[in-house]
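# Commentary on secondary and tertiary structure
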Amino acid sequence: ARSCGNAIGAVDVLLLLSDPSAVPVEARESRPPWLPDNVHFVKVGANRFARLHARIPYPRARQIYPGDEDIDERREPLAAALRDAFIRNPRQLVEFKPAIGVVFQEYLRNYSHWAFGDFDILMGDMNAFLDEDELRAFDVVSFGFGDSWRAYARGQWTHHKNLPHVNAAYSYCSFLGAARLEDRLLRGAHYESAEGCYSTALAQASLRFKITTKHFTDATQKGDKDAAWLAESEIRRCAGDEDDEGRHCRPLAPRTPREKRSNQNRWERVRRLPVGAKRCMNWVNPAYQTCLEGGDYDAGDTVVL
């Protein structure tokens, strides 16, 4: 939570809870000193949480539910199946990340963008981190850590313009349709990675999608000497003997004026291979591979689709 405070003015973190008791005791009545002003606990409740997710097969329908009143009969069985699934396997939520803009539309009304991400990340100064074009010129932007040739929407951070046609892009994934979704939930089917079908759906929806290298990852970390540090509101990576608690290590991005800012090395327009032509993501359904042709991409390349 402390690292999220570095993003004040650029990012709000909304923790939407199906179980209100998950709010820390000291944060239930007032804001404790350790909780940054841009981090908000939102008590949704189990029933409403499931019913909001029952919107998924109907992304373009008008469906604002102010409370827990009855909803369309055709959605009640799906809402019940979703609630049971969330209790049985909370990880099932991972599958529905691309639908956040539809599921939680009331909570996002006052925001120009929304994003999905992971809990196990440190957030630096997002005002310095985000390029102007990433908020203005693109519908969807995803930050990776050197493998942009895998042209997929990263679970660590992918942000979207909060627009109806962008929010509904996931609907190109047939397994999120009403009949198939309910059937899969009742059968306890293995979840589908949101990084698979959704990445191909973005292309089908004709959205402007940018993938660029900005993240550090501990997946390739070589001991404490290659650690990431939170220092002076920046995420920094140390190498060799430059460990000094991160104070003198290389920052992730330079501090530059917004009008001159560019954290990317170079731009290149590329073509995506036909679906399934090559497998580069072993955690994704083979039908939804988004691998770029050629093999001459550098770690710092930016991909625009």
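You'll find the structure just up there.
Values in this document were obtained by computation on a predicted structure and should not be read as measured data.

Turning our eyes to something else, we now look at helix α2 (residues 76-88). For α2, spanning 13 residues, the distance from its first C-alpha to its last is 18 Å, which sits close to the expected 18 Å at 1.5 Å a residue. If you check which residues of α2 are buried, you get L78, A79, A81, L82, A85 and F86. The buried side chains of α2 occupy one side of the element, clustering within an arc of 165° when seen end-on. Projecting away from the buried face of α2 at angles above 90 degrees are the exposed residues I87 and R88. Structurally, α2 contributes buried residues whose contacts are with α1 (46-53) and α7 (178-187).

Where α1 contacts α2, the axes come no closer than 8 Å and their chain directions differ by 120°. Taken together, the axes of α1 and α2 are oblique relative to one another. Handedness of the crossing formed by α1 with α2: right-handed. On α2, the residues touching A46, N47, F49, A50, R51 and H53 of α1 are E76, A79, L82, R83 and F86. When the residues that make up the contact of α1 with α2 are grouped by side-chain class, the tally is 6 nonpolar, 2 polar and 3 charged.

So, about the state of the cysteines. Taken as a whole and judged by the stated rule, the model has 1 disulfide. Paired through a disulfide, C173 and C197 show a sulfur-sulfur distance of 2.3 Å. Across the disulfide from C173 to C197, rotation about the S-S bond amounts to roughly -120°, and the bridge is consequently left-handed. One end of the pair, C173, is in the loop between α6 (164-167) and α7; the other, C197, is in helix α8 (residues 197-204), and 24 residues separate them in sequence. Given a relative accessible area of 3%, C173 falls into the buried group. The class of C197 is buried, set by a relative accessible area of 2%.

Conventions and cut-offs
- Residues numbered from 1 in each chain as written.
- Predicted model: local features only at pLDDT ≥ 70, side-chain atom pairs only at ≥ 80, totals over all residues.
- Heavy atoms only, no water.
- Helix = DSSP H or I, 4+ residues; strand = E, 2+ residues; numbered from the N terminus.
- Expected span 1.5 Å × (residues − 1).
- Buried < 20%, exposed > 50% of the residue type's maximum accessible area, 1.4 Å probe, protein only.
- Arc of directions from axis to C-beta.
- Contact = heavy atoms within 4.5 Å.
- Axes fitted to C-alpha atoms, helices over the stretch in contact; angles between N-to-C directions.
- Parallel < 35°, antiparallel > 145°, perpendicular 65-115°, else oblique.
- Left-handed = near helix turned anticlockwise from the far one by under 90°.
- Nonpolar A, V, L, I, M, F, W, Y, C, P; charged D, E, K, R; others polar.
- Disulfide = S-S within 2.5 Å.

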